Amino acid sequence: MNPNPIAILLQTALLLLLAPLITGCIRSWKARLQNRRGPRIGQPYFDLRKFLRKDMVISEHASWVFSAAPYVVFITALLVGLMVPMVTTQAPLSLFGGILAVVGLLALGRFFLALGGLDPGSAFGGMGSSREMTIAAIAEPALMLAIFTVAITVGSTDLSHMVAAAQQPGWNLFNPTHLMAFAALFIVLLAETGRVPIDNPATHLELTMIHEAMLLEYSGRYLALMEWGASIKQLVLMAILANIFLPVGLATDGSAAMLGLGLAVFLGKILLLSAAVVLVETVNAKLRLFRVPDLLSAAFVLAAMALLSTFLFK
Amino acid sequence: MNMNPAAPTAIGPQIVMLFAALMLVLQLLLVVQKMLLTNIRLFALQSLMLTVIAAVIAWYYNATHVYIVAVLTLIGKVIFLPWLLNRIVRRIRIVEEIEPLLNAPTSMLICGGLTLLGYIVARPFTTLEKLGNNTLAIAIALLLTGFFLMINRRKAISQVLALLTIENGVMLAAVALTTYGMPLVVELGIFFDVMVAVMVLGILVYRIRESFASMDTSKLSQLKG
Amino acid sequence: MELTSATLLSATFLGYVLGAAAGLTCLCHERLAKGLAFGLATLASACGLLAGGLYLTNSAASGPVPIQLLPMLVPYLSFSVRVDPLSAFFLMVVSAVGLAISIYSLGYARGFYGRKNVGLLGAFYNVLLLATTLVFTADNAFFFLMVWEIMALTAYCLVSFEHEEAEARRAGVLFFVMSHIGTGCIMLGFLLLFQASGGYGFAGFHALGDKMSPGSRDAAFLLFLAGFGIKSGIVPLHTWLPAAHPVAPSNVSAFLSGVLIKTGIYGMARVFFDFLPAAAGPPMWWGVTVLALGTISAVLGVLYALMQHDLKRLLAYHSIENIGIILMGFGASLMFLHTGHPLLASLALVAGLYHTINHAVFKALLFLGAGAVLHATHTRDMERMGGLAKRMPQTAFCFLVGAVAISALPPLNGFVSEWLTYQSLLQGYGTTDSLLRLMFPVGGALLALTGALAAACFVKAFGITFLAQPRSESAAQAHEVSPAMLVGQGLFVAMCVFLGLFPTQFIRLLDPLTQLLIGQQISGQLTVANGLVLSGLNQNGGTVSTLGIAVVGLCLLSLPFLLRVVFARGTKVRIGSTWDCGLQGLTPRMEYTATGFSKPIRMIFKALFRPRREVQREYDFSPYFTTGIRFEARVEEVFETRIYRPLNRWVLWASRRTRALQAGSIQAYLIYIFITLLLLLLFALK
């Protein structure tokens, strides 16, 4: 399906406006669950506005790579969002890329994020970059195997096609293959968005930081772009998880009623997934860095089981 | 190339398949989990799933004697045995396993390989399954991974748990393959056998602890003359 | 049209010969030698590029073009070359890479003024290019072996060009020995082919598989795999690569990594797809072996690359990884040929060949960048570099493009060829019912692992080398390199961008290739939406458009600027110091190091690396007042210590035992000759 400029605009607007809300919900609910009052749900919007209006301080050792990184992170997050079906079954840019392009673009964003962490010459940034690239590397096989499993049962790497196939009558929600692939992808979601038990997004101790450490030197509008980009990436990964495994309520045409219903259902699914993330974050403690490969290889074996079960259950 | 196999559309076999897969996932978790109390709970959960599978099969195919199996499993393996093992663990006051022989990722990869092996072994026997689901492969996988669990762990309690999971696998094969299962007498016999074995092991474990101040079964090699 | 291709090719050869002659005759005039030798090489490569391109775009009309170079003097040996689609493709590869490297060398060779003989460098360079071009186009097995040997010899001379360093000498000898072992295997393979075909011409070798017995066909497969595998650097035959590529002059390293190892790939494509297959398709285990070897090479190559802090050695290990990826495509293609899916086989072959040219381009770019850095800082050690992005901005940009390309990130060319490889693996799952189909998803997962590890490695390589503060005086004094070197790198950047953004146009060039080797043309099926979008073979399967992604991305760039205009008007940008926890400012010694960057991976894979570290404290009177600390860290190179050193020791032991045969007495030697004579007579009697 050819890209429709209106659809692109609408989906971009949805991404930009919804992403901070989800981050805010997760933070606020986590606080409530931990018996604190916590920030209000709309706090990230105010934070972003604050960052945009502040002056910037750039390190004297940083080069142009430092300044380019926020743009790359922001733009790749938006591009990925445009390739993922959210409210409608057809994503606006589904012709330009499927799940493999999504993984590649996220990797591009991470590449520049890591370079941005190394540029100012601070050891914290270097440590964050090193850990982030390592965790991403060991999460990739699990991610790819889970994606392969879903793609094999559907016959395509095109996300819109995966969603459309999931809406066919032969699709079984509680098929063990899909449950195990969902579990594997959920663990990879935690790894990619830097949530407990892999990374604590609320930590103040630099030696325990992974994602935050790379953002230490950013301020002003660059920090706004980085934070927004991270929120959008989180929203997009959740949308992939929600829409591939629970593809109910997606609009098949552009009528206002269907779009409204699709939006409402999408919101519901994302909030449900956020609640699951909050639960997992509250119940678990952050793992030691060298225990993270254990968790991710569990995800890999789960994905391998999912693959095996495609022909195990005949 | 659509590889989606035609999944059985009836709800009964679907639930059986789902819970059998969950039993396998729980087995994997047992392999990597080191806290003994959690392991006992995982085993209880696995036996609960076996109960549900038995109950579903009994209801769906109107085989009343399988209800007895379900009830026995519920009383014995979901309530009684975990309680017993819990008591033993608390008396001995050791709550965590020592480092297993192989580390977590390697163990998990081996279990994945054993599952694959279970599938290969079970493939020629698919005609035996009158209920149309491939739980024989899962049962064999439970058996093999249970054995691997027994080899990998060094504390006696964990090895007892591994034996019990092997028995779970055998029961799964017996119950889920054909509606008639094994003769009730045989099932009862196996059941009480395992019960007694666990109680004896419980006493032995306590004795081992007293003699060696540790539940590490590798210390038993000191008994050699 | 054939005439033009042929004449251009002849012009190419003539150009290289003249360049070599110029280099040799002007040994005393450095500038003249450099200008003539590399200038003529540039012209010759340009002709070669045109020849290959012309042939591939017009070959539908014509068949292969044979050219007789010299009259046939010796029976079985004919000095003829032939331009057919496979040769033309590789001709394009060698010429494109040669063109940019020659321009680069015009600036780079200046670094050798006064130290070494530039004319000799130019002469060897031209002979190497000539020999490689001849290898790709040779038409006769004997001629092929001749130019193969010349190529190996010149490469050896160039690798040991800076023979004052012991490291270069050792690397040269290792390269030489392994190359010859490979040549031996290839010779035996060609002998087997000769037995079946009766002649040595390549035209007679076509589709020979039917005439050979399965045993000799399998033996030929293994021999050629070993021989060409040594040249390409497949694990476990790769140990010469990380030794030889770093010590050569950087333009030569770029050529070695970019093109020389592709001669092995060319050989494998020629033998496995053109010569050996029978009508029923190759046996399954051929494809399985190649796929497995490719996967192992890819994973191990990138893992070892992560542990290096010598910039060029790191790049050399990455070559091993990418050869692995190419072989994954070839292996999958062989498997599909066996199961009777020619379209999928073409897809996998296209993926492998696309990755070949991609790797040639971005690896050469990276090596040229490393050469520029070496030229400016006089060291290869990453731990002594840093801050070069501000001092050498254009080189930094070119190296960044190469790093993004090799990490398979969109929208550059590495992503496109890996996307094609993933598609062929994914669609391969349904081709067979046996358990072998599990190799495809597992291969895909491992390919993802290597991609992510490669990205990590290049964050390290680019970040430590170019970013932050300089870690040594020589890095602080670095300055941008000469325009010739920048133009050479820029050419490669342009090629990367073209191959990345316009894959559909390039794949059309590969049609004659797949037609020749498999009998299918697939570019039409891979192009949708007026040629802007690349698709996998499945109509409902995934599609990707790097051009679309780039264009939309650039349009989206307006958003941050919009935000800036709306919210951030009037904000200022101050330059301050990096957060230093309240100390008196950060020094370069507080930065992250390359060894530290790769530590998590070293720890996770420590079963493979077996890292060892030693920390020794020196103190005068109390250990609490240390005067110095010595830190040594080592990573074990598994293949060297477990396979090659024991093999060396065994060979030496066996040689010592065999030395007893040379007793030194004439009687003993006469007895040996007599026994041989008796045996020959008895053998003839049978």
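J.: Would you mind going over the overall build of chain C with me for this structure?
T.: Along the backbone of chain C there are 29 helices and eight strands. Computed over the C-alpha atoms, the radius of gyration of chain C is 27 Å, within 12% of the 26 Å expected from 2.2 N^0.38 for a compact globule of 686 residues. Here the C-alpha coordinates of chain C stretch approximately 95 × 75 × 60 Å along the principal axes. Across the 686 residues of chain C, 60% fall into the buried class. Sequence-distant contacts, at least 24 apart, represent 78% of the contacts inside chain C between residues at least 6 apart. Counting every atom, chain C has about 26200 Å² of accessible surface; 66% of that belongs to carbon and sulfur. Taking the average location of the 45 positive side-chain charges in chain C and that of its 30 negative ones, the two points are 4 Å from each other.

J.: Mind showing me how you'd approach the overall build of chain B here?
T.: Per the secondary structure count, chain B includes seven helices and zero strands. Secondary structure elements of chain B, listed N to C terminal, follow the sequence α-α-α-α-α-α-α. In chain B, which comprises 225 residues, the proportion classed as buried is 51%.

J.: What am I meant to see in the interface of chain C and chain A here?
T.: When the parts come together, some accessible area is lost, and that loss is often what is quoted as the size of the interface. On the chain A side, the residues contacting the 79 residues of chain C number 81 residues. Buried area between chain C and chain A, both sides added, is near 6800 Å², and the carbon and sulfur share of it is 76%. Sorting the residues of chain C by area buried against chain A places C:Leu426, C:Thr578 and C:Tyr592 first, and these three jointly supply 8% of that buried surface. Across the contact surface, chain C and chain A share zero salt bridges. Where chain C meets chain A, there are 18 residue pairs in polar contact (both at pLDDT 80 or more).

J.: I tried to follow helix α5 (residues 135–152) of chain B on my own but got confused; where do I start?
T.: Residues separated by three or four positions in an α-helix point in the same direction, a consequence of the helix having 3.6 residues per turn. Compared with the 26 Å implied by 1.5 Å per residue over 18 residues, the 25 Å span of α5(B) between its first and last C-alpha is a close match. Taken across its 18 residues, α5(B) has 13 buried, putting it largely inside the fold.

J.: Help me understand unusual backbone geometry, please; the structure alone is not making it clear to me.
T.: Apart from glycine, the bulk of residues carry a negative phi angle, and the bulk of peptide bonds sit in the trans form. A cis amide bond, omega 5°, links A:Val196 with the succeeding residue A:Pro197. With respect to the helices and strands, A:Pro197 occurs in the loop between α7 (176–192) and α8 (211–214). A cis amide bond links C:Val235 with the next residue in sequence, C:Pro236, at an omega value of 5°. For C:Pro236, the position within the fold is in the loop between α8 (214–232) and α9 (240–247). Positive phi, close to 60°, is recorded for C:Ala468, a residue that is not glycine. Within the secondary structure, C:Ala468 is located in the loop between α17 (439–466) and α18 (473–476). Judged by relative accessible area, which is 9%, C:Ala468 ranks as buried.

J.: In this structure, what is going on with the sheet that holds strand β3 (residues 527–528) of chain C? I would like to understand it.
T.: Strand pairing within a sheet occurs via backbone hydrogen bonds; the two strands may be parallel or antiparallel. Residues and elements named next belong to chain C. Spatially, the three strands line up as an open sheet ordered β3-β4-β5, and their pairing is antiparallel. Edge positions in the sheet fall to β3 and β5 (543–544), since each of these pairs with one other strand and no more. Bridge count for β3 against strand β4 (residues 533–535) is two bridges, and the pairing is antiparallel. Considered in β4, the bridge of threonine 527 is made with leucine 534.

J.: Would you mind showing me how to read the pattern of salt bridges here?
T.: Residues and elements named next belong to chain C. Inspection of the entire model under this criterion finds 21 salt bridges over all chains. Among the salt bridges present, the one from glutamate 632 reaches arginine 630, with a minimum N-O distance of 3.0 Å. On the basis of relative accessibility, which here comes to 40%, the residue arginine 630 falls in the partly exposed class. For glutamate 632, the salt bridge goes to arginine 634, with nearest N and O atoms at 3.2 Å. Here glutamate 632 falls in the partly exposed class, since its relative accessible area comes to 28%. The partly exposed category is assigned to arginine 634, whose relative accessible area is 36%. Within the structure, one salt-bridge network assembled from shared partners comprises Arg82, Asp84, Asp139, Arg270 and Asp274.

J.: Can you help me understand the nonpolar core in this one?
T.: One broad rule of soluble globular proteins: the nonpolar side chains tend to lie buried together. In terms of nonpolar packing, the biggest core is built from 383 residues, with A:Phe111, A:Ile232, C:Phe89, C:Phe190, C:Phe272, C:Phe330 and C:Phe492 touching the most fellow members. At 22 residues, helix α13 (residues 342–377) of chain C tops the list of elements feeding residues into this core. Apart from residues no more than four positions distant in its own chain, A:Phe111 is found in contact with C:Leu400, C:Ala403, C:Val404, C:Ser407, C:Leu409, C:Ala455, C:Phe458 and C:Val459. Of all hydrophobic cores here, the second largest spans 21 residues; its members include B:Leu81, B:Ile92, B:Ile157 and B:Val160.

J.: Explain the environment of C:Pro85 to me, please; I cannot follow it from the model alone.
T.: Residue and element names in this part refer to chain C. Relative to the elements of secondary structure, proline 85 occurs in helix α3 (residues 85–108). With 534 residues separating them in the primary sequence, proline 85 and tyrosine 619 have C-alpha atoms 69 Å apart. In contact with proline 85, other than residues within four places in its own chain, are Tyr55, Leu56, Pro512, Leu513 and Leu516.

J.: Looking at this structure, how should I read the packing of helix α5 (residues 141–159) of chain C against helix α6 (residues 166–197) of chain C?
T.: In a packed pair of helices, the relevant descriptors are the angle between the two axes and the axis-to-axis distance. Residue and element names in this part refer to chain C. Across the interface, α5 lies against α6 with an axial gap of 9 Å and an inter-helix angle of 170°. Between α5 and α6, the angle is such that the two are roughly antiparallel. Of α6, the residues touching α5 (which contributes Ala141, Phe144, Leu145, Trp148, Glu149, Ala152, Leu153, Ala155, Tyr156 and Val159) are Ala168, Ala171, Gly172, Val173, Phe175, Phe176, Ser179, His180, Thr183, Ile186, Met187 and Phe190. Residue composition of the contact of α5 with α6, grouped by class: 17 nonpolar, four polar and one charged.

J.: Could you clarify how one ought to interpret the packing of aromatic side chains in this entry?
T.: The geometry of an aromatic ring pair comes down to the distance between the two centres and the angle between the two planes. Overall, the coordinates contain 47 aromatic pairs over all chains when judged by the stated rule. The interplanar angle of 85° and the centroid separation of 5.4 Å between the aromatic rings of C:Phe89 and C:Phe90 together place this pair among those described as edge-to-face. Overall, the relative accessible area of 0% leaves C:Phe90 in the buried class. Among the aromatic residues, ring-to-ring pairing joins C:Phe144, C:Trp148, C:Phe190, C:Phe202, C:Phe205, C:Phe224, C:Phe228 and C:Phe275 into one connected group. For the cation-ring pair, A:Arg221 lies above A:Tyr222, with the distance from its terminal atom to the ring centre recorded as 5.9 Å.

J.: Looking at this model, I keep getting lost on the packing of helix α9 (residues 220–245) of chain A against helix α10 (residues 256–283) of chain A. Mind explaining?
T.: Residue and element names in this part refer to chain A. The geometry of α9 relative to α10 is characterised by a closest axis approach of 10 Å and an angle of 105° between their N-to-C directions. Regarding the angle of α9 to α10, the classification is roughly perpendicular. Along its contact with α9, which presents Leu235, Met238, Ala239, Leu241, Ala242 and Asn243, the element α10 presents Phe266, Lys269, Ile270, Leu273, Ser274 and Val277. Here the residues of the contact of α9 with α10 sort into nine nonpolar, two polar and one charged.

J.: What exactly am I supposed to notice about α8(C) here?
T.: Residues and elements named next belong to chain C. Along its 19 residues, α8 runs 26 Å from first to last C-alpha, staying within 8% of the 27 Å computed at 1.5 Å per residue. Among all positions of α8, only Ser216, Arg217, Ala220, Phe221, Phe224, Leu225, Gly227, Phe228, Gly229, Ile230, Lys231 and Ser232 are buried. Buried positions along α8 lie against α5, α6, α9, α10 (250–275), α11 (284–306) and α12 (311–339).

The rules behind these values
Residues numbered from 1 in each chain as written. Chains lettered and ligands numbered in written order. Predicted model: local features only at pLDDT ≥ 70, side-chain atom pairs only at ≥ 80, totals over all residues. Heavy atoms only, no water. Helix = DSSP H or I, 4+ residues; strand = E, 2+ residues; numbered from the N terminus. Rg over C-alpha atoms; globule rule 2.2 N^0.38 Å. Buried < 20%, exposed > 50% of the residue type's maximum accessible area, 1.4 Å probe, protein only. Contact = heavy atoms within 4.5 Å. Areas by Shrake-Rupley, 256 points an atom, 1.4 Å probe, with all protein chains shown as cover. Lys, Arg positive; Asp, Glu negative; His and termini not counted. Charge placed at Lys NZ, Arg CZ, Asp CG, Glu CD. Buried area = accessible area lost by both parts, 1.4 Å probe. Salt bridge = Lys/Arg side-chain N within 4 Å of Asp/Glu carboxyl O. Polar contact = N/O pair within 3.5 Å; in protein donor to acceptor, adjacent residues only side chain to side chain. Expected span 1.5 Å × (residues − 1). Pairing = 2+ DSSP bridges. Core = buried A, V, L, I, M, F, W, Y, C linked by side-chain atoms within 4.5 Å. Axes fitted to C-alpha atoms, helices over the stretch in contact; angles between N-to-C directions. Parallel < 35°, antiparallel > 145°, perpendicular 65-115°, else oblique. Nonpolar A, V, L, I, M, F, W, Y, C, P; charged D, E, K, R; others polar. Phe/Tyr/Trp six-rings, centres within 6.5 Å; stacked < 30°, edge-to-face > 60°. Lys NZ or Arg CZ within 6 Å of the ring centre and 35° of its normal.

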